[in-house]
Amino acid sequence: LFPYIYALEGEVVQGAGTMMRPFVMDFPQDRTARELTDEYMFGPAFLVAPITKYQARSRDVYLPAGATWYDYWTGKTRAGGQTVETPAPYDDLPLYVRAGSIIPYGPAEQYIGEKPAATETLYVYGGADGKFTLYEDDGLTFDYEKGAFSQIPITWDNAAKTLTIGKRTGTFDGMLANRAFNVVYVSADKPAGYSPDATPDA
């Protein structure tokens, strides 16, 4: 998830964004969501429901109205505006992904820049239009404060089932000249949980 998290950090610095978001920021019309204190959004895509009870192996998760939600681990969809009991095995935190999300993944790394991310995987969750801006800088210096960073806009048109990778803007020392994207499409008719070994659709 480094590309996703790094893009969120870039938005915090360059656009006054917020990584951890209470539901009121994204679902102000949903009264139930506004009053929850034990779930949150992590960026625009992830709904996180931490386990706070000792030895709990499931928990009730409220899914805000106005969106369709995908179980991150299985890819199965749930309608918003309801509470669902969600498994919480020892090694899986209850996570949901909002329809329309575009989530970039890079190679497994212990730190930014350990491996060249010449190929990244984009998970696209159908059911709604979506957009995401991939942010990069050199990962080593404060040159991003002087404008040394790049951004790639990515949009999903759900009606046309079209993913558009826009023109990259900006530059920084060490930037890759070329980049390849593998695309994994997830939909209600094609559920899929995240897998580092997923076969791309494109």
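Details of the structure are given in the entry above.
These figures come from a predicted structure and were not determined experimentally.

What counts, and where the lines are drawn
- Positions within a chain are numbered from 1, following the residues in the order the chain's sequence is written.
- For this predicted model, a pLDDT threshold of at least 70 governs which residues receive local features, and a threshold of 80 or more governs which side-chain atom pairs are given and counted, while totals over whole chains, interfaces and linings are taken from all residues.
- Here the side-chain values reflect all heavy atoms present in the structure, with hydrogen atoms and water set aside.
- Helix numbering and strand numbering both begin at the N terminus, where a helix is a DSSP run of H or I of at least 4 residues and a strand a DSSP run of E of at least 2.
- Every radius of gyration here is taken over C-alpha atoms, with the globule rule written as 2.2 Å times N^0.38, N being the number of residues.
- Contacts are residue-level and defined by heavy atoms, with any inter-residue pair within 4.5 Å sufficient.
- For the accessible areas, the method is Shrake-Rupley and the probe is 1.4 Å, while residue cover comes only from the protein chains on display.
- By the counting scheme adopted, Arg and Lys are positive, Glu and Asp are negative, and His together with the chain ends is not counted.
- Throughout, a charge is located at the NZ atom of Lys, the CZ atom of Arg, the CG atom of Asp or the CD atom of Glu.
- We call a set of buried residues a nonpolar core when its members are Ala, Val, Leu, Ile, Met, Phe, Trp, Tyr or Cys and they connect through side-chain atoms within 4.5 Å of each other.
- Accessibility here uses a 1.4 Å probe with only protein chains present; expressed as a share of the type maximum, an area under 20% marks a residue as buried, one over 50% as exposed, and anything in between as partly exposed.
- In this scheme, strands are said to pair when DSSP sees at least two bridges between them.
- Geometry is summarised by axes, namely lines fitted to C-alpha atoms with helices restricted to the contacting stretch, and by angles between N-to-C directions that run from 0 to 180 degrees.
- Any carboxyl oxygen of Asp or Glu that lies within 4 Å of a side-chain nitrogen of Lys or Arg is treated as forming a salt bridge with it.
- Two N or O atoms form a polar contact when they lie within 3.5 Å of each other; inside protein one atom must be a possible hydrogen donor and the other a possible acceptor, and for residues adjacent in sequence the pair counts only when both atoms belong to side chains.
- Here a Phe, Tyr or Trp ring, Trp counted by its six-membered ring, pairs with any other such ring whose centre lies within 6.5 Å, and the pair is stacked when the planes are under 30 degrees apart, edge-to-face when over 60, and tilted otherwise.

Enquirer: Before we go on, may I ask you to explain the overall build of the protein in this structure?
Expert: A count of helices and strands for the protein gives 2 helices and 15 strands. A globule of 202 residues ought to have a C-alpha radius of gyration of about 17 Å, and the protein, at 17 Å, matches this closely. Viewed in the frame of its principal axes, the protein has a C-alpha envelope of about 45 × 35 × 35 Å. The contacts in the protein between residues at least 6 apart in sequence include a share of 55% that link residues at least 24 apart. As displayed, the protein has an accessible area near 11100 Å², and 52% of this comes from carbon and sulfur atoms. For the protein, the distance from the average site of its 17 positive side-chain charges to the average site of its 26 negative ones is 5 Å.

Enquirer: Help me understand the nonpolar core, please; the structure alone is not making it clear to me.
Expert: Nonpolar side chains tend toward joint burial in soluble globular proteins. One finds Tyr-4, Phe-46, Tyr-72, Val-97, Ile-103, Tyr-123 and Tyr-125 to be the most contacted residues of the largest nonpolar core, which totals 33 residues. Ranked by residue count, the leading element in this core is strand E15 (residues 180-186), at 5 residues. Not counting chain neighbours up to four residues away, the residues in contact with Val-97 comprise Ala-45, Phe-46, Thr-68, Trp-69, Tyr-70, Tyr-72, Ile-103 and Tyr-125.

Enquirer: Would you mind going over the sheet that holds strand E10 (residues 119-125) with me for this structure?
Expert: Strands belonging to one sheet form pairs held by backbone hydrogen bonds; the direction of such a pair is parallel or antiparallel. On the basis of which strands lie adjacent, the open sheet formed by 3 strands has the order E9-E10-E15 and mixed pairing. Pairing within the sheet leaves two strands with one partner each, and these edge strands are strand E9 (102-105) and E15. Within the sheet, the average angular offset between the axes of one strand and its neighbour, ignoring direction, is 25 degrees. As paired elements, E10 and E15 share 7 bridges and run parallel to each other. Across the sheet, residue Thr-119 finds its bridge partner in E15, namely Ala-180.

Enquirer: Before we go on, may I ask you to explain the side chain of Glu-109 in this structure?
Expert: Its place among the elements puts Glu-109 in the loop between E9 and E10. Although Glu-109 is buried, it makes no salt bridge; Lys-115 carries the closest opposite charge, 7.1 Å away. Of note is the side chain of Glu-109, whose polar atom sits 3.1 Å from the backbone nitrogen of Glu-114. When near neighbours in sequence (up to four residues on either side) are disregarded, Glu-109 contacts Phe-2, Glu-114 and Lys-115.

Enquirer: Help me understand the packing of aromatic side chains in this model?
Expert: The relative placement of two aromatic rings is captured by the distance of their centres and the angle of their planes. Applying the stated criterion across every chain yields a total of 17 aromatic pairs. For the ring pair Tyr-135 and Phe-149, a centre distance of 5.3 Å and an interplane angle of 35 degrees mean the geometry is tilted. Residue Tyr-135 is located in strand E11 (residues 130-136), and its partner Phe-149 is located in the loop between E11 and strand E12 (150-157); the two are separated by 14 residues in the primary sequence. One exposure class covers both Tyr-135 and Phe-149, and it is buried. Here a set of aromatic residues connected by ring pairs shows up, and it is made of Tyr-4, Phe-42, Phe-46, Tyr-70, Tyr-72, Trp-73, Tyr-105, Tyr-123, Tyr-125, Phe-132 and Tyr-194.

Enquirer: I'm lost on unusual backbone geometry in this one. Help?
Expert: Keep in mind that most residues, glycine aside, have a negative phi and that most peptide bonds are trans. Despite not being glycine, Ala-16 shows a phi value in the positive range, around 60 degrees. Note on Ala-16: relative accessible area 69%, which makes it exposed. Phi at Lys-161 is positive, roughly 55 degrees, even though this residue is not glycine. For Lys-161, the location among the structural elements is in the loop between E12 and strand E13 (162-165).

So far we have only geometry, and geometry alone does not tell us how the molecule works.
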